[in-house]
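Structure at a glance
The residues making up each chain are set out below.
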Amino acid sequence: MESVETRLQEAVRSPEPDVDELTRHLAAAGGKRLRPALCLLTSFLGPNPGNEDAEVSAAVVELTHLATLYHDDVMDEAPMRRGVPSAQQLAGNSAAILAGDVLFAKASSLVAGLGPEAVRLHAVTFERLCFGQLRETLGAPENVSARDNYINVLADKTGSLIAASARYGVNSSGGSPEIAEAVAEFGEKVGVAFQLADDVIDIMSDGDVTGKTPGTDLREGVETMPILILKERAAVGTIDEAGQQILDLLAGDVGDEAVEKSVSLLREHQVMEEVRDLARTWSDEAVASLDAIPEGEVRNGLNAFARLMVDRIS
């Protein structure tokens with residue numbers, strides 16, 4: 001991980017000081033580095049673990065993740081990320097978008113050295129990241145429920161890159177296609193669990209601790225799983241008074257006062273425990289997809305990785 005961090009910090013550097021400050025901004029702010037850790041871990045499922053290709057792959061997935069954060073913060077108008085002002089707060093939307101594009105380009109440059117299969121995986125993952133964001137923006141297609149559409153969005157926006165991280169690790173070390181497919185399925189389901197957990201954290205946690213502004217999704221009109229469940233109940237006439245009050249507060253133009261009141265009501269509502277349970281279910285399904293992985297330290301590590309996604313909301 002130290003070597004990967006060195007590669008990452010080198011990759012985000014730019015020759016011009018003002019650009020360098022912006023492209024290094026989020027990498028310097030820290031982060032959990034879950035995706036590169038997963039990539040390195042799954043490389044131990046092949047005969048040549050922890051090699052240079054695994055380290056490069058790990059840097060690629062984190063660079064790609066960082067790039068998406070720049071773009072997400074523009075779309076969400078988020079004032080904070082990782083406990084620091086977001087890039088668009090510092091330099092404006094256009095500069096933040098272009099800084100994200102620079103990081104995508106740097107990831108593409110690195111992945112080009114890994115061969116055509118790695119390039120194809122990067123392209124497919126990038127497509128899914130964009131498609132998930134589009135589907136979130138455009139809403140559910142005809143004959144797809146809002147809840148199913150949301151899960152599909154999570155699989156594309158979050159699960160796809162975690163799945164790619166796991167697959168890159170196996171591929172980098174010469175692991176079998178069967179193992180690569182198993183860990184990719186694991187990664188996709190873990191990604192959905194991770195994002196459902198974030199839906200809870202967005203409401204329940206202190207922004208000073210998480211580095212994110214509580215209720216950001218509510219403020220921007222993004223309907224996360226708690227709101228989707230409440231809307232399902234409203235549609236069939238089974239919603240309770242507090243749930244209806246939350247939906248009423250979030251109808252139309254939503255100001256800071258409405259968001260704060262909605263967050264307060266949601267923190268006391270049973271729907272949050274339902275979303276916690278749903279996150280745990282996806283984590284359990286991720287673990288179940290590891291049947292093809294040999295027993296041992298790596299599988300134990302993957303199990304722990306899946307549990308980590310939801311333990312932070314317990």
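Now for a quick tour of the structure. All values reported here derive from a predicted model rather than from experimental measurement. Within each chain, residues carry numbers counting from 1 in the order of the written sequence. Owing to the predicted nature of the model, reporting of local features is limited to residues with pLDDT of at least 70; listing and counting of side-chain atom pairs is limited to 80 or more, with chain, interface and lining totals taken over all residues. Note that water and hydrogens are dropped before the side-chain values are worked out from all heavy atoms of the structure.

A few words on the overall build of the protein chain. The secondary structure listing takes helices from DSSP runs of H or I that are at least 4 residues long and strands from runs of E that are at least 2 residues long, numbered from the N terminus. Looking only at helices and strands, the protein chain features 17 helices and two strands. Relative accessibility under 20% of the residue-type maximum defines a buried residue, over 50% an exposed one, and the middle range a partly exposed one, all with a 1.4 Å probe and only protein chains included. Counting all 314 residues of the protein chain, 50% fall into the buried class. The contact criterion used throughout is that any non-hydrogen atoms of two residues lie within 4.5 Å. Considering only contacts within the protein chain whose residues lie at least 6 apart along the sequence, 72% involve residues at least 24 apart. Element-wise, carbon and sulfur atoms account for 51% of the exposed surface of the protein chain, whose accessible area totals about 14,300 Å². In this count, Lys and Arg are taken as positive residues and Asp and Glu as negative ones, while His and the chain termini are left out. Note on charges: their place is set at NZ of Lys, CZ of Arg, CG of Asp or CD of Glu. Taken as two groups, the 27 positive and 52 negative side-chain charges of the protein chain have centres that lie 2 Å from each other. Here the open area of atoms and residues is found with the Shrake-Rupley method and a 1.4 Å probe, where only the protein chains shown may cover a residue.

This paragraph deals with the packing of helix α7 (residues 93–112) against helix α8 (residues 116–138). Interaxial distance between α7 and α8 falls to 8 Å at its minimum, and their mutual angle equals 155 degrees. Considering their axes alone, α7 and α8 lie roughly antiparallel with respect to each other. Of the two possible hands of crossing, α7 and α8 adopt the one that is right-handed. Within the contact between the two elements, α7 uses F104, A107, S108, V111 and A112 and α8 uses A118, V119, H122 and F126. Amino acid classes used here: Ala, Val, Leu, Ile, Met, Phe, Trp, Tyr, Cys and Pro are nonpolar; Asp, Glu, Lys and Arg are charged; the rest, including Gly, are polar. Residue classes in the contact of α7 with α8 are distributed as seven nonpolar, two polar and no charged. Think of each axis as a best-fit line through the C-alpha atoms, taken over the contacting stretch in the case of a helix, with angles from 0 to 180 degrees between the N-to-C directions. Under this scheme an angle from 65 to 115 degrees is roughly perpendicular, one under 35 degrees roughly parallel, and one over 145 degrees roughly antiparallel; angles in between are oblique. Left-handed describes a crossing whose near helix is turned anticlockwise from the far helix through less than a right angle; right-handed describes the clockwise counterpart.

Let us look at the pattern of salt bridges. Salt-bridge detection follows one rule: a side-chain nitrogen of Lys or Arg within 4 Å of a carboxyl oxygen of Asp or Glu. Under the criterion given, the structure shown has 25 salt bridges. The shortest N-O distance in the salt bridge between K157 and E136 comes to 3.3 Å. Pair noted here: K157 is in helix α9 (residues 146–172) and E136 is in helix α8, with a separation of 21 residues, a long-range link. Close ionic contact of E223 with K231 constitutes a salt bridge, the shortest N to O distance being 2.4 Å. For E223, a relative accessible area of 34% gives the class partly exposed. Three or more residues are tied together by salt bridges with common partners; here these are E5, R33, E62 and R82.

A separate point is the nonpolar core. Nonpolar core, defined: a set of buried Ala, Val, Leu, Ile, Met, Phe, Trp, Tyr and Cys residues in which side-chain atoms within 4.5 Å join the residues together. Core analysis: the largest hydrophobic core is formed by 34 residues, its most contacted members being V12, L63, L66, Y70, L103, V111 and Y168. Of all the secondary-structure elements, those providing two or more residues to this core are α1 (2–11), α3 (25–28), α4 (34–42), α5 (52–76), α7, α8 and α9. If you tally residues by element for this core, the top one is α5, at eleven residues. Contacts of L63, omitting those with residues within four sequence positions, involve L8, A11, V12, L103, K106, A107 and L110. Counting 32 residues, the second largest nonpolar core, distinct from the first, contains L218, L265, M272 and I313.

Listed as buried for helix α14 (residues 241–249) are G243, I246 and L247. Projected onto a plane normal to the axis of α14, the buried residues spread over an arc of 95 degrees and lie on a single side. Seen from the buried face of α14, the exposed residues on the opposite side, beyond 90 degrees, are E241 and D248. In the core, the buried residues of α14 are packed alongside α13 (225–236) and α15 (256–267). By definition, the arc is the one covered by directions from the helix axis to the C-beta atoms.

Ring pairs are drawn from Phe, Tyr and Trp, using the six-membered ring of Trp, whenever the two centres fall within 6.5 Å, and their geometry is named by plane angle: stacked under 30 degrees, edge-to-face over 60, tilted for the rest. All told, the structure shown has two aromatic pairs when counted by the stated rule. Ring centres 4.5 Å apart and planes at 35 degrees place the aromatic pair F104 and F126 in the tilted group. Taken together, the residues span a long stretch of sequence, with F104 in helix α7 and F126 in helix α8 at a distance of 22 residues. Residue class for F104 comes out buried when judged on its relative accessible area of 8%. Judged by relative accessible area, F126 falls into the partly exposed class, the value being 33%. Arranged with centres 6.5 Å apart and planes meeting at 50 degrees, the rings of F186 and F305 form a pair that is tilted. Of this pair, F186 sits in helix α10 (residues 177–204) while F305 sits in helix α17 (residues 297–311); the two residues are 119 residues apart in sequence, bridging distant segments of the chain. Classification of F186 by relative accessible area gives buried; the value is 0%. Look at NZ for Lys and CZ for Arg. If either is within 6 Å of the ring centre and within 35 degrees of the ring normal, a charge sits over the ring. Here the guanidinium or amino end of R35 rests over the ring plane of F194, the centre of that ring lying 5.9 Å away. When the ring centre of F194 is taken as reference, the NZ or CZ atom of R312 above it lies at 4.1 Å.

Keep in mind that these numbers describe shape and distance, not what the molecule does.
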